[in-house]
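This is what each chain is made of:
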Amino acid sequence: MAIVQGLKAAGVSESNIYIWDRTNRELERAGFGISSSGLKIEGTDAYVGDGYSDDIEFAGSVGTRFSRIMSKVDALINVPVLKDHDLAGVSIGMKNFLRCYLQSQ
């Protein structure tokens with residue numbers, strides 16, 4: 001919420017801010033209340049179908065589908081959480097950066 005307060009102090013309207021994750025359940029477990037108006041706090045699973053784009057974007061042989069929420073935003077502030085990864089050990093937020101890179105291509 002400190003990031004939201006900083007954005008608002010910089011003149012960004014609360015109605016232009018999304019806080020999102022894969023699922024509403026994950027957001028609720030992190031202490032957020034779900035909201036689809038004003039400050040939007042939603043999981044990708046709240047959108048039609050599975051909430052992800054129909055198209056698969058590729059970087060080499062690695063493919064991904066973007067959250068439909070990404071089509072609604074002009075900028076992204078990534079706040080990674082330390083996560084375990086079988087091959088790399090810790091993935092932090094690198095998958096998020098890959099998605100942003102692919103979407104900008």
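Thresholds applied
Residues numbered from 1 in each chain as written. Predicted model: local features only at pLDDT ≥ 70, side-chain atom pairs only at ≥ 80, totals over all residues. Heavy atoms only, no water. Buried < 20%, exposed > 50% of the residue type's maximum accessible area, 1.4 Å probe, protein only. Helix = DSSP H or I, 4+ residues; strand = E, 2+ residues; numbered from the N terminus. Pairing = 2+ DSSP bridges. Right-handed = clockwise from strand over helix to strand, strands pointing away. Contact = heavy atoms within 4.5 Å.

1. Points about the pairing of strand β2 (residues 40–43)
Here β2 shows two buried faces, one formed by Lys40 and Glu42 and the other by Ile41 and Gly43. Bridging between strand β1 (residues 18–21) and β2 involves four bridges; their strand directions are parallel. Residue Ile19 lies in a different strand from β2, and its bridge partner there is Ile41. Of the crossover connections in this fold, the one passing from β1 over helix α2 (residues 24–29) to the parallel β2 is right-handed.

2. Brief notes about the environment of Asp21
Take Asp21: it is sitting in strand β1. On the basis of relative accessible area, Asp21 is assigned to the partly exposed category, the value being 34%. Counting along the chain gives 24 residues from Asp21 to Asp45, while the straight-line C-alpha distance between them is 8.9 Å. Aside from chain neighbours lying at most four places away, what touches Asp21 is Glu26, Leu27, Glu42, Gly43 and Thr44.

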